[in-house]
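# Chain and residue survey
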Amino acid sequence: MTTGDDLRVLHLVTAREVFFDQQIDVLQQKGVDCTVCVVPGADQIDGDIGSRRGIKSYLQFWPRVRRELHSGEHDLVHANYGLTAPYAVSKSRLPVLLTLWGSDVVGIDGLVTKACAWRADAVTVRSEEMRELLGRENAHIVPSGVDLDRFRSTDRTTARERVGWDPGGTHVLFPYAPGYVRKNHALAKHVVARAERELGKAITLQTISGVAHEEMPDFYNAADCLLLTSKYEGSPNTVKEAMACNVPVVSTAVGDVQERLAGVAPGGVGSGVEQLSRLLVAVVESGERSNGREVVQELSWEQIGNRILEIYR
């Protein structure tokens, strides 16, 4: 096992997303001393990871970061999400690794990211699409990992009993709040409606949000298919978690999804209502689980943790 017993890393982050905490856990297991600084207000705004929090929170962030940067207690700075980049590169003499998540390479957040990324000593992105959007050819492609111990295939009927779904129905999982604009819930509804007409049977679009991460395996295993209709992504964890449960995935061609689903069946990647509904119909008609788990093995957190340590070194 790769170890980081002599490394002390200051992590800057906009919000403690589940995958970020998993990253910290695996690095600590490998011996890295991790200190985490979070932008104030992350626990008060549901789903906020970027500029929606307001300038006041980011101004309040600076005193804590400055103290840590000048404490002499860290070997390098790991800035997570592009809006933490200005703090990492402005006054620090420490080496800086900038990890980008997806939405921080587009829009207003993307402008901040691109203005600062060139000053980082190394950058990681989730996909080739992100690397192209960033315009930094030497950026490392490092997807977030998946917890293969937690996410595994279980009996579908038992899972449906646990989550309270009709055991004899057809269920398509959309694990995001309808108001999360970039996830494009409206497209998901159109896709399911068209698939219903083609199949001549009811399909329930199960839209869930705010579910504890440890409860998600039951929702994946209860579903006939995961439907991802996002406008843009980095490396969506929902896809990899569904794959680890051998649940078919139908998705738009965003982030690294096309690469992740290469060789995985049933399921697939499409664009627009017609293509996506055709893929969904094929999944429902097959009634089969996918071979996603064997394909996603390379993205275990153990492997991703080793990759991050290589970049630290």
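Whatever comes next refers back to the structure up there.
Fair warning: this is a prediction, and the values are worked out from it, not measured in the lab. (Residues numbered from 1 in each chain as written. Predicted model: local features only at pLDDT ≥ 70, side-chain atom pairs only at ≥ 80, totals over all residues. Heavy atoms only, no water.)

### Remarks on helix α1 (residues 18-29)
What counts, and what does not: For the purposes of this entry, the term helix denotes a DSSP run of H or I that reaches at least four residues, the term strand denotes a run of E that reaches at least two, and both are numbered from the N terminus. By this rule, a helix spans an expected 1.5 Å times one less than how many residues it contains. Note on exposure labels: buried denotes an accessible area under 20% of the residue type's maximum, exposed denotes more than 50%, and partly exposed covers the range between, all computed with a 1.4 Å probe on protein chains only.
With twelve residues, α1 ought to run about 16 Å at 1.5 Å a step, and its terminal C-alpha atoms sit 17 Å apart, in line with that. Buried within α1 are the following residues: F19, F20, Q22, Q23, I24, V26 and L27. Among the residues trailing α1, G31 stands out with phi positive, at a value near 95°.

### Quick word on the sheet that holds strand β7 (residues 171-174)
Defined as follows: Think of it this way: DSSP has to see at least two bridges between two strands before they count as a pair. Between the N-to-C directions of two axes lies an angle of 0 to 180 degrees, each axis being a line fitted to C-alpha atoms and, for a helix, fitted only over the stretch in contact. Any two residues whose heavy atoms approach within 4.5 Å are treated as being in contact.
Spatial ordering of the open sheet is given by β8-β7-β9-β10-β11, a layout of five strands whose pairing is parallel. Edge positions in the sheet fall to β8 (204-207) and β11 (267-270), since each has one partner strand and no second. The sheet shows a mean angle of 20° between the axes of neighbouring strands, direction not considered. As paired strands, strand β10 (residues 249-252) and β11 are joined by four bridges and run parallel to one another. The residue of β11 that forms the bridge with S251 is V269. The sheet contacts of helix α9 (residues 237-244) involve β9 (225-228) and β10, and relative to β9 the element is tilted by about 165°.

### Overview of the layout of surface pockets
Definition in use: Grid spacing is 1 Å over the protein atoms alone, the probe is 1.4 Å, and a cavity is where that probe fits but cannot get out, while a pocket is an open set with protein on both sides within 12 Å along at least five of seven lines and lining residues have an atom within 4 Å of a point. Grid points are joined across faces, edges and corners, and a volume is the space filled by probe spheres set on the points.
In this structure, the second largest pocket encloses a volume near 280 Å³. In terms of lining, the second largest pocket is formed by 13 residues, of which the most central are Q22, V26, Q29, D147 and W301. Going through the elements one at a time, α1 and α13 (301-312) are the ones with two or more residues in the lining of the second largest pocket. Here the element with the most residues in the lining of the second largest pocket is α1; it accounts for six residues.

### Digging into the sheet that holds strand β1 (residues 8-13)
Sheet architecture is open: six strands sit in the order β2-β1-β3-β4-β5-β6, paired in parallel fashion. In this open sheet, the two strands that pair with only one neighbour each are β2 (33-38) and β6 (140-141). Note that strand β3 (residues 76-80) and strand β4 (residues 96-99) share four bridges and pair parallel. Looking across to β4, one finds that N80 is bridged to T99.

### Section: the pattern of salt bridges
How we decide: The rule for a salt bridge is simple: a side-chain nitrogen of Lys or Arg has to be within 4 Å of a carboxyl oxygen of Asp or Glu.
Enumeration over the complete set of coordinates arrives at 17 salt bridges. Here K30 makes a salt bridge to E302, at a shortest N to O gap of 2.9 Å. With K30 in the loop between α1 and β2 and E302 in helix α13, this residue pair connects regions lying 272 residues apart in the sequence. E233 serves as the salt-bridge partner of K183, at 2.5 Å between the closest nitrogen and oxygen. With K183 in the loop between β7 and α7 (185-199) and E233 in the loop between β9 and α9, the pair connects residues that are 50 residues apart, well separated along the chain. Judged by its relative accessible area of 6%, K183 falls in the buried class. Counted as one network, the salt bridges with shared partners bring together D256, E259, R260 and E298.

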